[in-house]
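Examining the three-dimensional arrangement
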Amino acid sequence: MGSVAKKGLQKYVSQLQSHPLRTKAITAAVLSGISDTVSQKLSGIPKLQLRRLVLKMLFGFAYLGPFGHYTYILLDKVFKGKNDSKTVAKKVVLEQLTSSPCNNLLFMIYYGVVVEGRPWMHVKTRIKKEYPKVQLTAWTFWPVVGWINHQYVPLQFRVIFSSLIAFCWGIFLNLRARSMALPKSE
């Protein structure tokens, strides 16, 4: 690893240790922003939509980073920091039955109502149609990520690890949300 990258990583880890919540929130915001930029380009949007980008970063900062931070702390407290296979399986099942459905639903509501400015009734109709597909897809992907995260990743890095994976998941959700977009009502 180059000396610049190594110093950057050391400073990042230092911030993570000194200010864990803030660092995770900022990391989630930055990765949400990069994910949205990539999504916009893949969607064929010719000019970067800055409002959308900022709103996606706000979601990462205000919700994804803090939610992950406290969720992983809570799971470790509930399961007393154990990471044997049986305990990891319980953590993953609990996470997939609680956090995953809530996170995906909240994202779809936020994206439709806040980011795109759609009327609630249109967003609600689309969620009824698309949410089951999104959640079923999540359940084929995220349990593996959760297993790796709880089994091998130290607690302080779990939000960062899941944020990196969520970078790709965010692209998927953005493209899914984009495909379900309705024309705005006049």
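Scroll up for the structure.
Presented here is an overview of the structure given in this document. Bear in mind that the values here come from a model prediction, so they are computed numbers and not experimental data.

1. Here we look at the overall build of the chain
- Broken down by element type, the chain carries 7 helices and 0 strands.
- With the C-alpha coordinates aligned to their principal axes, the bounding extent of the chain is approximately 55 × 40 × 25 Å.
- Burial analysis of the chain (186 residues in total) assigns 41% to the buried set.
- Considering only contacts in the chain between residues 6 or more positions apart, those separated by 24 or more positions represent 74%.
- Counting every atom, the chain has about 10,400 Å² of accessible surface; 70% of that belongs to carbon and sulfur.
- Positive and negative side-chain charges in the chain, numbering 26 and 7 respectively, have mean positions lying 4 Å apart.

2. Brief notes about the packing of helix H4 (residues 85–97) against helix H5 (residues 99–115)
- H5 packs onto H4 with a crossing angle of 30° between their chain directions and a minimal axis gap of 3 Å. Relative to H5, H4 is oriented roughly parallel. Mapping the contact onto sequence places Leu 94, Glu 95, Gln 96 and Leu 97 in H4 and Ser 99, Ser 100 and Pro 101 in H5.
- Of the residues contributing to the contact of H4 with H5, the split by class is 3 nonpolar, 3 polar and 1 charged.

3. Describing empty space enclosed by the protein
- By the definition in use, this model includes 2 cavities of 30 Å³ or more.
- Considered as a void within the structure, the largest cavity measures approximately 630 Å³ in volume.
- Around the largest cavity sit 32 residues that line it, and Leu 64, Asn 103, Trp 142, Ser 162 and Ala 166 are the ones nearest its centre.
- Of all elements in the fold, only helix H2 (20–42), helix H3 (50–78), H4, H5, helix H6 (120–152) and helix H7 (158–179) reach the threshold of two or more residues within the lining of the largest cavity.
- Tallied by class, residues from the lining of the largest cavity come to 15 nonpolar, 15 polar and 2 charged.

4. Side note on the side chain of Ser 99
- Turning to its location among the elements, Ser 99 is positioned in helix H5.
- Ser 99 gets classed as buried once you look at its relative accessible area, which sits at 10%.
- Once you skip the residues sitting within four places of it in the chain, Ser 99 turns out to touch Phe 67, Thr 71 and Leu 94.

5. Observations regarding the packing of H4 against H6
- The N-to-C vectors of H4 and H6 enclose an angle of 140°; their axes lie 9 Å apart at closest approach. Classified by the interaxial angle, the pair formed by H4 and H6 is oblique. As H4 runs across H6, the sense of the crossing is right-handed. Contact residues: Ser 85, Val 88, Ala 89, Lys 91, Val 92, Glu 95 and Gln 96 in H4; Ala 138, Trp 139, Trp 142, Pro 143, Gly 146, Trp 147, His 150 and Gln 151 in H6.

6. Description of the packing of aromatic side chains
- Overall, the coordinates contain 6 aromatic pairs when judged by the stated rule.
- Seen in terms of ring centroids, Phe 59 and Phe 107 are 5.8 Å apart; in terms of plane orientation they differ by 70°. Their pairing is edge-to-face. Residue Phe 59 is located in helix H3, and its partner Phe 107 is located in helix H5; the two are separated by 48 residues in the primary sequence. Residues Phe 59 and Phe 107 agree in their burial class; the two are buried.
- Arranged with centres 5.1 Å apart and planes meeting at 20°, the rings of Tyr 63 and Phe 67 form a pair that is stacked. Of the two residues, Tyr 63 and Phe 67 are both situated in helix H3; the distance of 4 residues between them amounts to about one turn of the helix.
- Connected via pairs of aromatic rings, a cluster forms that spans Phe 59, Tyr 63, Phe 67, Phe 107, Tyr 110 and Tyr 111.

7. Side note on the pattern of salt bridges
- The tally for this structure, following the rule as stated, stands at 6 salt bridges.
- Salt-bridge contacts for Lys 91 lead to Asp 76; the nearest nitrogen and oxygen are separated by 2.8 Å. Of the two residues, Lys 91 is situated in helix H4 and Asp 76 in helix H3; the sequence distance between them amounts to 15 residues. When sorted by exposure, Lys 91 lands in the same class as Asp 76, which is buried.
- Close ionic contact of Glu 130 with Lys 133 constitutes a salt bridge, the shortest N to O distance being 3.7 Å. Remark: Lys 133 and Glu 130 occur in helix H6; sequence separation between them is 3 residues, near one turn of the helix.
- A relative accessible area of 38% places Lys 133 in the partly exposed class.
- Each member of the salt-bridge network shares a partner with another, and the members are Asp 36, Arg 52 and Lys 56.

Reading the values: rules and limits
Within each chain, residue numbers correspond to sequence positions counted from 1 in written order. Given that this is a predicted model, residues contribute local features only at a pLDDT of at least 70 and side-chain atom pairs are listed and counted only at 80 or more, while totals for whole chains, interfaces and linings are drawn from all residues. Water and hydrogen atoms were dropped before computing side-chain values, which therefore reflect all heavy atoms in the structure. Helix numbers and strand numbers start at the N terminus; a helix is a DSSP run of H or I with at least 4 residues, a strand a run of E with at least 2. Only protein chains enter the calculation, and the probe is 1.4 Å; a residue is then buried if its accessible area is under 20% of its type maximum, exposed if over 50%, and partly exposed in between. Here, residues are in contact when the closest pair of their heavy atoms is within 4.5 Å. Per-residue and other accessible areas follow the Shrake-Rupley method at a 1.4 Å probe size, with only the shown protein chains counted as cover for residues. We treat Lys and Arg as the positive residues and Asp and Glu as the negative residues; His and chain ends play no part in the count. For charged residues, the charge sits on one atom: NZ in Lys, CZ in Arg, CG in Asp, CD in Glu. Every axis corresponds to a line fitted to the C-alpha atoms, with the helix fit spanning only the stretch in contact, and the corresponding angles, defined between N-to-C directions, vary from 0 to 180 degrees. We call two directions roughly parallel when the angle between them is under 35 degrees, roughly antiparallel when it is over 145, roughly perpendicular when it lies between 65 and 115, and oblique otherwise. Put simply, Ala, Val, Leu, Ile, Met, Phe, Trp, Tyr, Cys and Pro go in the nonpolar bin, Asp, Glu, Lys and Arg in the charged bin, and everything else, Gly too, in the polar bin. Think of a 1 Å grid over just the protein atoms. A cavity is a set of points where a 1.4 Å probe fits yet cannot get out, a pocket is an open set with protein on both sides within 12 Å along at least five of seven lines, and lining residues have an atom within 4 Å of a point. Grid points are joined across faces, edges and corners, and a volume is the space filled by probe spheres set on the points. Left-handed describes a crossing whose near helix is turned anticlockwise from the far helix by less than a right angle; the clockwise case is right-handed. By convention, a stacked pair of Phe, Tyr or Trp rings (six-membered ring in the case of Trp) has centres within 6.5 Å and planes under 30 degrees apart, an edge-to-face pair has planes over 60 apart, and any other such pair is tilted. For salt bridges, the criterion is a side-chain nitrogen of Lys or Arg within 4 Å of an Asp or Glu carboxyl oxygen.

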